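Next come the chains, spelled out residue by residue.
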Amino acid sequence: AVVSTQSTGYDSSDTVMREAMELFKVDPPSGQLFPNDKPSTVHVIFKSKKECNIKDLPILKCQVIEPHLGNQGGVIANIPVKLSARSVFSKFAIHPLKDVNFGPMM
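Caption draft 1: Main features of the overall build of the chain. Helix and strand content of the chain: one helix and six strands. Scanning the chain from its N terminus toward the C terminus, one meets helices and strands in the order β-α-β-β-β-β-β. In the chain, buried positions account for 20% of the 106 residues. Restricting the contact set of the chain to residue pairs at least 6 apart, pairs at least 24 apart contribute 59%. Taken as a whole, the chain presents about 8900 Å² of accessible surface, with 56% of it coming from carbon and sulfur.

Caption draft 2: Representation of unusual backbone geometry within the structure. The omega torsion across Asp-27 and Pro-28 is -5 degrees, close enough to zero to call that bond cis. In this fold, Pro-28 is placed in the loop between β2 (24-27) and β3 (30-32). Even without glycine at this site, Asp-56 takes up a positive phi of about 50 degrees. Its place among the elements puts Asp-56 in strand β5 (residues 52-66). Accessibility expressed as a relative area gives 43% for Asp-56, which makes it partly exposed.

Caption draft 3: Expanded view of the side chain of Gln-63. Counting through the fold element by element, Gln-63 comes out in strand β5. A polar side-chain atom of Gln-63 sits 3.3 Å from a polar atom in the side chain of Asn-78.

Caption draft 4: The confidence of the model for the chain, seen in detail. Summarising the model, the chain shows a mean pLDDT of 78, and 78% of its residues fall at 70 or more. For the chain, per-element mean pLDDT is lowest for strand β1 (residues 2-7), which scores 52, and highest for strand β4 (residues 43-46), which scores 91. Note that residues 8-12 has pLDDT below 50 and, in this model, ten contacts with residues that lie over four places away or in other chains.

Caption draft 5: Up close: the packing of aromatic side chains. Within this structure, the stated rule accounts for one aromatic pair. Judged by centre distance (5.2 Å) and plane angle (45 degrees), the ring pair of Phe-24 and Phe-46 falls under tilted. Of this pair, Phe-24 sits in strand β2 while Phe-46 is found in strand β4, placing the two residues 22 residues apart along the sequence. For Phe-24, a relative accessible area of 13% gives the class buried. Phe-46 sits in the partly exposed class, given a relative accessible area of 26%.

Caption draft 6: Summary view of the side chain of Ser-48. Within the secondary structure layout, Ser-48 lies in the loop between β4 and β5. Polar contacts involving the side chain of Ser-48 include one to the main-chain carbonyl oxygen of Lys-50, which spans 2.5 Å. Setting aside residues no more than four positions away along its own chain, Ser-48 makes contact with Leu-23, Ser-87 and Phe-89.

Caption draft 7: Expanded view of the environment of Asp-27. Take Asp-27: it is sitting in strand β2. Exposure remark for Asp-27: the relative accessible area of 38% places this residue in the partly exposed category. Between the alpha carbons of Asp-27 and Val-42 there is a distance of 5.9 Å; along the sequence they are 15 residues apart. When near neighbours in sequence (up to four residues on either side) are disregarded, Asp-27 contacts Val-42 and His-43.

Calculation rules
- Residues numbered from 1 in each chain as written.
- Predicted model: local features only at pLDDT ≥ 70, side-chain atom pairs only at ≥ 80, totals over all residues.
- Heavy atoms only, no water.
- Helix = DSSP H or I, 4+ residues; strand = E, 2+ residues; numbered from the N terminus.
- Buried < 20%, exposed > 50% of the residue type's maximum accessible area, 1.4 Å probe, protein only.
- Contact = heavy atoms within 4.5 Å.
- Areas by Shrake-Rupley, 256 points an atom, 1.4 Å probe, with all protein chains shown as cover.
- Polar contact = N/O pair within 3.5 Å; in protein donor to acceptor, adjacent residues only side chain to side chain.
- pLDDT = per-residue confidence, 0-100.
- Phe/Tyr/Trp six-rings, centres within 6.5 Å; stacked < 30°, edge-to-face > 60°.

Here it is as structure tokens:
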């Protein structure tokens, strides 16, 4: 069977889902698994430039294709993969806000 992962192709008007899909990368994006093969590792990389909280969104789908069905193979299953991620950045404040004058220094 051929296994591939891809974004779920939600309606482009769904801004939240579209932005969430851009934060994830799958490596490798596709591969082949045979019945007696060892398990294969797939890396899902999350990279965000701002704080966000994503919880159980079906951003990816795993598509299982049987190459021996039909002329170009047949899709046997589309498995939604729900992802959760949270990015947090340190926040800080410097006080006092204006310059402090300590007078003449010796």
